[in-house]
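Take a look at the letters that make up each chain.
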Amino acid sequence: SHYKTMNNSQFFIVFTTLCAIIFLEKKMPYIGKIHVASFLHCCITAITAHYVLINDPWKFLTIYEYNMEDFPLIAQIVPYISYAFGFYDLYYGITLRKVDFIIHGTVFTTSALITDYYNAMHYSYMGLLLETSTPFFHLLHYKIPFIETAFAFTFLLYRCVFFPIMTIIYFFRTYNNIVNNELNLEKGVIICACTLNALNIYWGSKIVKRAIRKYYPAKED
């Protein structure tokens, strides 16, 4: 069977990460204007996702054709760190009372629960690569032009170009499992991916509109 329960070491990673997040939220939630727990999460996940990508690009692009054990140990650990962070992400979205953030948190936790249940947590790297833009997002408060450009570029490239392409490839590669009548991993992944794509395109359009207003301000009569 492909289904499983979380083993002791995986549970330990999730539990330890949750404890670390709670500790940081109590003792050191911010350094300057940077939210520490979120910043650490996006840096760890983005770096590891790029490590997996650069190590074997084809393997990354067809990650769903491999097993979790086919990847280096660090690449097996990081998705469970992100799994724990997903619960904080949902909590954060609820406290903000912003629908788009709540949807993001819901997709985050749902996709982690589904991929863990089907022993396919390595699938999460298709999504964790999107964290590439997030460190720049945390630094936007400092109003540095390079940071603003880097954020817009990485957001649009990874979230509005690369991820939709990966989603389309995944859809066609797993089409038979998606369209059959069974509840399965592929259905769960494609629903989460399409929801995330819609959210990213919504946010991406806002970034483009803001950039247009900044660099091409409306001329007054």
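All values reported here derive from a predicted model rather than from experimental measurement.

Chemist: Quick one: what's the story with the packing of helix α8 (residues 145–173) against helix α10 (residues 185–215), residue by residue and with numbers?
Modeler: Two numbers describe how α8 lies on α10: the axes approach to 9 Å, and their chain directions differ by 150°. The orientation of α8 relative to α10 falls into the category roughly antiparallel. Classified by chirality, the crossing of α10 by α8 is left-handed. Grouping the constituent residues of the contact of α8 with α10 by class yields 20 nonpolar, five polar and four charged.

Chemist: I'd like a description of helix α2 (residues 36–55), backed by residues and values.
Modeler: Compared with an ideal rise of 1.5 Å per residue, which puts 20 residues at 28 Å, α2 spans 28 Å between its outermost C-alpha atoms and is within 8% of the ideal. For α2, the complete set of buried residues consists of Val 36, Ala 37, Ser 38, His 41, Cys 42, Thr 45, Ala 46, Thr 48, Ala 49, His 50, Val 52 and Leu 53.

Chemist: Give me helix α4 (residues 73–96): which residues, what numbers.
Modeler: Its 24 residues give α4 an end-to-end C-alpha distance of 35 Å, which sits within 8% of 34 Å, the value for a rise of 1.5 Å per residue. Buried residues of α4: Ala 75, Val 78, Pro 79, Tyr 80, Ser 82, Tyr 83, Ala 84, Phe 85, Gly 86, Tyr 88, Asp 89 and Gly 93, and no others. The first or second residue beyond α4 is Arg 97, which carries a positive phi of 60°.

Chemist: Explain the environment of Lys 59 to me, using residue names and the numbers behind them.
Modeler: When you line up the elements, Lys 59 lands in helix α3 (residues 57–61). Measuring from C-alpha to C-alpha, the distance between Lys 59 and Leu 113 comes to 23 Å, with 54 residues separating the pair along the chain. Excluding anything up to four places from it in sequence, Lys 59 contacts Tyr 66, Asp 70 and Phe 71.

Chemist: Describe the pattern of salt bridges, listing the residues and the values that go with them.
Modeler: On inspection of all chains with the given rule, the structure shows two salt bridges. Where Arg 173 meets Glu 65, a salt bridge forms, and the shortest distance between an N and an O atom there is 2.4 Å. With Arg 173 in helix α8 and Glu 65 in the loop between α3 and α4, this residue pair connects regions lying 108 residues apart in the sequence. Taking relative accessible area as the criterion, Arg 173 reaches 42% and is therefore assigned partly exposed. Note on Glu 65: relative accessible area 46%, which makes it partly exposed. In this structure, Glu 148 and Lys 214 form a salt bridge, with 2.6 Å as the shortest nitrogen-oxygen distance. Of this pair, Glu 148 sits in helix α8 while Lys 214 sits in helix α10; the two residues are 66 residues apart in sequence, bridging distant segments of the chain.

Analysis parameters
Residues numbered from 1 in each chain as written. Predicted model: local features only at pLDDT ≥ 70, side-chain atom pairs only at ≥ 80, totals over all residues. Heavy atoms only, no water. Axes fitted to C-alpha atoms, helices over the stretch in contact; angles between N-to-C directions. Helix = DSSP H or I, 4+ residues; strand = E, 2+ residues; numbered from the N terminus. Parallel < 35°, antiparallel > 145°, perpendicular 65-115°, else oblique. Left-handed = near helix turned anticlockwise from the far one by under 90°. Nonpolar A, V, L, I, M, F, W, Y, C, P; charged D, E, K, R; others polar. Expected span 1.5 Å × (residues − 1). Buried < 20%, exposed > 50% of the residue type's maximum accessible area, 1.4 Å probe, protein only. Contact = heavy atoms within 4.5 Å. Salt bridge = Lys/Arg side-chain N within 4 Å of Asp/Glu carboxyl O.

All quantities given are derived from atomic positions and should not be read as evidence of function.
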